[in-house]
Amino acid sequence: MFSRQGPTLRELTVQALSSVEHGYDLLAPKFDRTPFRTPDTILDAVGRALEPLGPFAAGLDLCCGTGAGMEVLRELCRDRVAGVDISAGMLTVGRRRLAADASPSVAAPGSGSPAVSWVRGDARALPFGSAFDLVVSFGAFGHFLPDELPGLFAGVHAALRPGGRFAFPVAAPPRIGSPWYWALLGFDSVMRVRNAVLRPPFVMYYREFRLADVRRELARAGFRTELHALPEFGRRKDGAPRARMVVATRPGATDPRGEDPGDPAVHQAAGSVNS
């Protein structure tokens with residue numbers, strides 16, 4: 001899971017004993033060589049699922065880290081993309097990585113590529129007005145406690161233009177009693193003990209982000225929510241998708257393509273799954 005170029009056990013321990021912000025500052029230079037980075041298979045699947053819903057003018061990667069999701073946005077958005085993260089170290093790595101890929105901070109006029117910007121900020125207090133048509137997030141929700149979701153989703157809602165979409169992948173929960181079930185339960189238990197005895201806390205819980213709760217809080221924030229199966233990951237024995245993409249739309253007169261988001265034909269074309 002970890003390459004030889006990845007962090008050592010000592011480095012991971014130091015990170016876990018730090019705050020979320022400082023821990024990721026420490027991990028940033030080696031983050032892309034850890035299993036914590038969202039795999040390309042997930043990024044590509046979400047990009048393909050979002051493509052029929054676009055094109056989009058402006059996109060935001062919420063908790064962007066080193067910018068893996070920024071690459072998805074650059075393929076989907078025509079004008080500009082932004083990444084916001086609390087860790088200055090992660091932003092620095094992301095900025096350098098995209099620069100090495102010949103993507104300047106501000107795209108040259110007529111280049112055909114969206115302008116790219118990096119913003120240090122707290123996702124729970126986004127420093128944006130109604131500026132984006134699409135917000136994505138990958139692998140970050142374990143850093144938020146359940147009682148923080150209302151404020152988080154309200155901030156995303158405010159950052160979106162009417163008709164804008166908030167999209168993120170979710171995996172089906174592991175079967176009770178399976179190795180993954182016990183692994184995630186053990187990890188969360190260790191983190192709870194750590195946070196009970198040490199300060200500052202390092203919030204990272206894999207079992208707190210439950211889809212039913214998420215859909216309820218999205219609705220309370222004013223979103224209309226749909227689920228899109230990600231067929232690349234197959235289905236479980238009970239027929240449920242192994243992975244879905246949540247698409248939460250801020251209601252408005254038009255969506256980013258100039259269509260009425262309430263038109264059933266739009267949802268049918270997008271292949272939405274409402275279960």
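Residues numbered from 1 in each chain as written. Predicted model: local features only at pLDDT ≥ 70, side-chain atom pairs only at ≥ 80, totals over all residues. Heavy atoms only, no water.

Asker: What is the right way to look at helix α4 (residues 68-76) in this model?
Answerer: Residues that lie three or four places apart on an α-helix share one face, since the helix turns once every 3.6 residues. Burial within α4 is extensive, with 7 of its 9 residues counted as buried. The set of residues buried in α4 consists of Ala-68, Gly-69, Met-70, Val-72, Leu-73, Arg-74 and Leu-76. Against the buried residues of α4 lie α3 (40-50), β1 (56-62), β2 (77-85), α5 (88-100), β3 (115-120) and β4 (132-136). (Buried < 20%, exposed > 50% of the residue type's maximum accessible area, 1.4 Å probe, protein only. Helix = DSSP H or I, 4+ residues; strand = E, 2+ residues; numbered from the N terminus. Contact = heavy atoms within 4.5 Å.)

Asker: I would appreciate a short explanation of the confidence of the model for the protein in the present structure.
Answerer: Low-pLDDT stretches of the model should not have their predicted coordinates read in fine detail. Across the protein, the average pLDDT comes to 86, with 86% of residues at or above 70. Throughout residues 102-110 the model reports pLDDT below 50, and contacts reaching past four residues in sequence, or to other chains, amount to 12 contacts. Contacts from residues 255-275, a stretch scored under 50 in pLDDT, to residues over four places away or in other chains number 47 contacts. (pLDDT = per-residue confidence, 0-100.)

Asker: How should α5 be read in this particular structure?
Answerer: The terminal C-alpha atoms of α5, which comprises 13 residues, lie 18 Å apart, in line with the 18 Å expected from a rise of 1.5 Å per residue. Residues of α5 that are buried include every one of Gly-89, Met-90, Leu-91, Val-93, Gly-94 and Leu-98, and no others. (Expected span 1.5 Å × (residues − 1).)

Asker: Please explain the sheet that holds β1 as it appears in this structure.
Answerer: Where strands meet in a sheet, backbone hydrogen bonds hold them as pairs that are either parallel or antiparallel. Sheet architecture is open: 7 strands sit in the order β3-β2-β1-β4-β5-β7-β6, paired in mixed fashion. Looking at strand neighbours, the two that pair on one side only are β3 and β6 (224-229), the edges of this open sheet. Direction aside, the axes of adjacent strands within the sheet are offset by 20° on average. As paired strands, β4 and strand β5 (residues 160-171) are joined by 4 bridges and run parallel to one another. Following the sheet pairing, Phe-132 is matched in β5 by Leu-160. Sheet strands in contact with α4 are β1, β2, β3 and β4, and its direction is about 160° off that of β2. (Pairing = 2+ DSSP bridges. Axes fitted to C-alpha atoms, helices over the stretch in contact; angles between N-to-C directions.)

Asker: I would appreciate a short explanation of the environment of Thr-8 in the present structure.
Answerer: In this structure, Thr-8 sits in the segment before α1 (9-16). Judged by its relative accessible area of 40%, Thr-8 is partly exposed. Counting along the chain gives 22 residues from Thr-8 to Lys-30, while the straight-line C-alpha distance between them is 9.8 Å.

Asker: In this structure, what is going on with the packing of α1 against helix α2 (residues 20-27)? I would like to understand it.
Answerer: When two helices pack together, you describe them by how their axes are tilted relative to each other and by the distance separating the axes. Interhelical geometry of α1 versus α2 gives an angle of 160° and a closest axis separation of 8 Å. The orientation of α1 relative to α2 falls into the category roughly antiparallel. At the point where α1 passes α2, the crossing takes the right-handed sense. Contact residues: α1 offers Leu-12, Val-14 and Gln-15, while α2 offers Gly-23, Tyr-24, Leu-26 and Leu-27. Its residues assigned to classes, the contact of α1 with α2 shows 5 nonpolar, 2 polar and no charged. (Parallel < 35°, antiparallel > 145°, perpendicular 65-115°, else oblique. Left-handed = near helix turned anticlockwise from the far one by under 90°. Nonpolar A, V, L, I, M, F, W, Y, C, P; charged D, E, K, R; others polar.)

Asker: Honestly, the pairing of strand β7 (residues 243-249) in this entry has me stumped. Any pointers?
Answerer: It is a general feature of regular strands that their side chains alternate between the two faces of the sheet. Within β7, 7 of the 7 residues are buried, which leaves the element mostly enclosed by the surrounding structure. Every second residue of β7 is oriented toward a common face, with Ala-243, Met-245, Val-247 and Thr-249 on one face and Arg-244, Val-246 and Ala-248 on the other, all of them buried. Pairing of β5 with β7, which is carried by 7 bridges, proceeds in the antiparallel orientation. Bridge pairing links Ala-171 to Ala-243 in β7. Alignment of β6 against β7, held across 6 bridges, turns out to be antiparallel.

Asker: Where do I start with the nonpolar core in this structure?
Answerer: Soluble globular proteins tend to bury their nonpolar side chains together. If you look at the biggest cluster of nonpolar residues, it comprises 30 residues, and the most contacted ones within it are Leu-62, Phe-132, Phe-153, Phe-166 and Leu-218. Elements represented by at least two residues in this core include exactly β1, β2, β4, α6 (149-159), β5, α8 (211-220) and β7. In terms of residue count, the dominant contributor to this core is α6 (5 residues). When neighbours within four sequence positions are excluded, Phe-132 is seen to be in contact with Ala-58, Gly-59, Leu-60, Arg-80, Ala-82, Ala-159, Leu-160 and Arg-161. Ranked by size, the runner-up nonpolar core spans 27 residues in total, among them Ala-45, Met-70, Val-116 and Trp-118. (Core = buried A, V, L, I, M, F, W, Y, C linked by side-chain atoms within 4.5 Å.)

Asker: Can you help me understand the packing of aromatic side chains in this one?
Answerer: Any two aromatic rings considered together are summarised by their centre-to-centre distance and by the angle between their planes. Scanning the entire structure with this criterion turns up 12 aromatic pairs. Seen in terms of ring centroids, Phe-141 and Phe-166 are 6.4 Å apart; in terms of plane orientation they differ by 70°. Their pairing is edge-to-face. One end of the pair, Phe-141, is in the loop between β4 and α6; the other, Phe-166, is in strand β5, and 25 residues separate them in sequence. Given a relative accessible area of 6%, Phe-141 falls into the buried group. Arranged with centres 5.1 Å apart and planes meeting at 85°, the rings of Tyr-181 and Trp-182 form a pair that is edge-to-face. Judged by relative accessible area, which is 51%, Trp-182 ranks as exposed. In textbook terms, an aromatic cluster arises when at least three aromatic residues are bridged by ring pairs, as seen for Phe-141, Phe-153, Phe-166, Phe-168, Phe-209 and Phe-223. If you follow Arg-192 out to its NZ or CZ, it ends over the ring of Tyr-205, 4.6 Å from the centre. (Phe/Tyr/Trp six-rings, centres within 6.5 Å; stacked < 30°, edge-to-face > 60°. Lys NZ or Arg CZ within 6 Å of the ring centre and 35° of its normal.)

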